[in-house]
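# Remarks on the overall topology
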Amino acid sequence: MPAMSQSPCLWTQLPQSSQSPCDRYKHACCSYDGNVYILGGRDNGCLGDFWRYSVVCDEWTELNCTGEAAPDELEEHSMVAHQVQTHNHMLLGSLSLYSAALCVSTFDTFTRFDLFQGFLYVFGGMLDSAYTKLRCPLWVFDIAKQRWVHCQGKTSSPQTQTPTNRKGHSAVVVGSAMLLYGGFVDMKGSSQDFWSLDFDTMAWSLLYGSQQGSSGPGPRHSHSAVAFQSCMYLFGGLKGLREQRDFWKWNSTSHMWTSLKNKSGPSRLMGHSAAVYKDSMLLFGGGESQNSPKSCLWRYNFSTQTWAQVATLPGSNAPDKIHHCCTGLGPSYKSNSSSPYSSSGLQPRLLDGRVRPFKNKCFPAPLSFLGSEGAIELETFSPDRCYGSKTLTQSSELVNSKEGLLEKDSLQIGNCLTFENKAFRSKCTDEDLLDEEDGNMAQHLPDLLLVLGGRPCTGLSPISMWQMTLTDS
């Protein structure tokens, strides 16, 4: 029996409206500043649409994906977000200096300030053809300008080595570089190519781990990879036609692979997903074959190097998914591409004398409208939450308060965001909460993991969307 995590989780399905992308699998997604971006994938054919989901407003927006700089239809591609720091100078005014000869010299005075620009980097996934062999399948989306941009490098000489088109590879951000591993290359099968893209120079380099005979994972596709601190962690996938359950760590400082123990961890998996949560990696779904999706959620602790399976709370069932995408939001989900307003580990801040960040709590809610007496409700609330005329300042008071639990309408009172077993949406009445002086309200999102799409796929229906919250959030 595998060890069970002491922090069970709550799964909630989030029904989507018709104004959302269709259900799909083998797509790519990532999050940036409280928005989730989703691109391409498959339903009955290969898709080329591009969407942005606002978690706070529970609203989908279809973005432009046409033009010379935009990708075509893609499947089994990768997409990561990264923030590029740019140095700018602002003219403050003119300063006049008088010499002894009464000559006047005027100097402009400047101050330097730094801007952070967010970009999405998409790689691979093209339908194989003679054309795909002649180009590097990399596309860049400027988040601020909301448009696709050409991704020429800053180097003067033409790039001699670039990765070719592939599918089912992994891509993570470590520091100022994107690490790309493996993938299925047409006519060659599973690849063990290991590439690094320097975001500052947009130059590719082939890393040591890609060489034949190296001690790394070897040829691989349909695996998962995450970045934690200066390391990349890779699990499972397909080596040729055979599923794997090996677990590897790449140290970007020493440029060395290390095989990690997985005796008590997941079984052979492909088509699964992974995300970093606090000091752990969460690994969800996948299967030993295309037709055997699983619903298991695993947690690997980087510090103790131990695996544990995460239990679900009573009345909460995880979906069986394979070739899906997952993305974490909130301060506990590690992000190498976080902005100044959504960085990992952000502490609550006092604004106008009151705390704005929100907290997650999972607690028993014997409410008839939840469908069963023992249902679990996830609620997000501010510390000084008002229920009618009563202010609850301690979470224990909230749990024990029959008034708070039995009045459904009270869930919408005050400056708070709530989950009522439905999509995360804004219940705020104060405009300044949605447009805060200190930046985007996305910095105060509660910790949650979104699982989007995957097989089984429901055809022309809106995209399948699930939310998972751990009780230690």
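Residues numbered from 1 in each chain as written. Predicted model: local features only at pLDDT ≥ 70, side-chain atom pairs only at ≥ 80, totals over all residues. Heavy atoms only, no water.

### Points about the overall build of the protein chain
Assigned secondary structure in the protein chain consists of 3 helices and 34 strands. Scored against the burial criterion, the 473 residues of the protein chain give a buried share of 52%. Summarising the internal contacts of the protein chain: among those between residues at least 6 apart in sequence, 60% fall at separations of at least 24. Here the protein chain displays about 21,700 Å² of accessible surface, and carbon together with sulfur accounts for 49% of that area. (Helix = DSSP H or I, 4+ residues; strand = E, 2+ residues; numbered from the N terminus. Buried < 20%, exposed > 50% of the residue type's maximum accessible area, 1.4 Å probe, protein only. Contact = heavy atoms within 4.5 Å. Areas by Shrake-Rupley, 256 points an atom, 1.4 Å probe, with all protein chains shown as cover.)

### So, the sheet that holds strand 15 (residues 203-206)
Across the sheet, which stays open at both edges, the 4 strands sit in the order 10-11-14-15 with antiparallel pairing between neighbours. Each of the sheet's edge strands pairs with one partner strand only, and the pair in question is strand 10 (170-174) and strand 15. Strand after strand, the sheet turns through a mean of 25° between neighbouring axes, direction not considered. Alignment of strand 11 (residues 177-181) against strand 14 (residues 194-198), held across 5 bridges, turns out to be antiparallel. Each residue of the ladder has a partner; that of Leu179, found in strand 14, is Ser196. (Pairing = 2+ DSSP bridges. Axes fitted to C-alpha atoms, helices over the stretch in contact; angles between N-to-C directions.)

### Here we look at the nonpolar core
Inside soluble globular proteins, nonpolar side chains tend to come together where they are buried. Among the nonpolar cores identified, the biggest contains 20 residues, and Tyr37, Leu39, Phe50, Met79, Leu120, Phe141 and Trp148 are the most heavily contacted of them. Elements with a contribution of two residues or more to this core: strand 2 (28-32), strand 3 (35-42), strand 6 (78-98), strand 7 (104-123) and strand 8 (138-142). Residues in contact with Phe50, not counting those within four places in the same chain, are Tyr37, Ile38, Leu39, Thr61, Glu62, Leu63, Asn64, Cys65, Met79, Leu120, Phe141 and Trp148. Listed in part, the 18 residues of the second largest apolar core include Val80, Tyr121, Val173 and Leu197. (Core = buried A, V, L, I, M, F, W, Y, C linked by side-chain atoms within 4.5 Å.)

### Considerations on the side chain of Ser7
Looking at where Ser7 falls in the secondary structure, it is placed in the segment before strand 1 (9-13). In this structure Ser7 touches Arg299, Val310, Leu470, Thr471 and Asp472, once residues within four positions along its chain are discounted.

### Regarding the packing of aromatic side chains
Working definition: an aromatic ring pair is given by the centre-to-centre distance plus the angle between the planes. One pass over the structure, following the stated rule, counts 29 aromatic pairs. When the ring of Tyr233 is compared with that of Phe302, the centres are 4.5 Å apart and the planes differ by 50°; the resulting orientation is tilted. Here Tyr233 is found in strand 17 (residues 231-239), whereas its partner Phe302 is found in the loop between strand 22 (297-301) and strand 23 (306-309), with 69 residues between them in sequence. You can call Tyr233 buried: its relative accessible area is 8%. A network of ring pairs unites the aromatic residues Phe228, Tyr233, Phe235, Phe247, Trp298, Tyr300, Phe302 and Trp307 as a single cluster. Here Arg455 stacks its cationic end above the ring of Tyr25, 5.2 Å away from the centre of that ring. (Phe/Tyr/Trp six-rings, centres within 6.5 Å; stacked < 30°, edge-to-face > 60°. Lys NZ or Arg CZ within 6 Å of the ring centre and 35° of its normal.)

### Notes on the sheet that holds strand 33 (residues 448-452)
Strand order in this open sheet of 4 strands is 1-34-33-24, and the pairing throughout is antiparallel. The open sheet has two edge strands with one neighbour each: strand 1 and strand 24 (325-329). Shown here is a sheet whose adjacent strand axes are inclined to one another by a mean of 20°, direction ignored. Here strand 1 pairs with strand 34 (residues 465-470) via 5 bridges, running antiparallel. In the sheet register, Leu10 faces strand 34, and the bridge partner there is Thr469.

### Let's talk about the pairing of strand 5 (residues 59-63)
Here strand 4 (residues 46-54) pairs with strand 5 via 5 bridges, running antiparallel. Considered in strand 5, the bridge of Trp51 is made with Glu62. Between strand 4 and the antiparallel strand that follows it, strand 5, lie 4 residues; Asp58 among them carries a positive phi value of about 50°.

### Side note on the confidence of the model for the protein chain
The predicted model of the protein chain has a mean per-residue pLDDT of 77, with 66% of residues at 70 or higher. Every residue in residues 95-107 scores below 50 in pLDDT, and together they form 16 contacts with partners more than four places removed in sequence or on other chains. In the predicted structure, residues 336-439 sits below a pLDDT of 50 and forms 223 contacts with residues beyond four places in sequence or in another chain. (pLDDT = per-residue confidence, 0-100.)

### Side note on the side chain of Ser54
Topologically, Ser54 is positioned in strand 4. With residues up to four places along the chain from it excluded, the contact list for Ser54 reads Gly34, Asn35 and Glu59.

### Some remarks on the pattern of salt bridges
Counted under the stated rule, the structure contains 7 salt bridges. As a salt-bridge pair, Arg166 and Asp193 come within 3.4 Å of each other at their nearest N and O atoms. Of this pair, Arg166 sits in the loop between strand 9 (147-149) and strand 10 while Asp193 sits in the loop between strand 13 (189-190) and strand 14, and the two are 27 residues apart along the sequence. Of the charged contacts, one joins Arg299 and Asp472 as a salt bridge, the two residues approaching to 3.1 Å between their closest N and O atoms. Here the residue Arg299 occupies a position in strand 22, and Asp472 occupies one in the segment after strand 34, the gap between them amounting to 173 residues. (Salt bridge = Lys/Arg side-chain N within 4 Å of Asp/Glu carboxyl O.)

### Focus: the pairing of strand 10
In terms of burial, strand 10 is a largely internal element, 5 of the 5 residues being buried. Of the two faces of strand 10, both are covered, the one formed by Ser170, Val172 and Val174 as well as the one formed by Ala171 and Val173. In this antiparallel pair of consecutive strands, strand 10 and strand 11, the connection spans 2 residues, and Gly175 shows a positive phi of 65°.

### Some points on the state of the cysteines
Enumeration over the complete set of coordinates arrives at 0 disulfides. Looking at the unpaired Cys29, the closest cysteine sulfur is the one in Cys325, lying at 4.1 Å. The exposure class assigned to Cys29 is buried, which follows from its relative accessible area of 11%. (Disulfide = S-S within 2.5 Å.)

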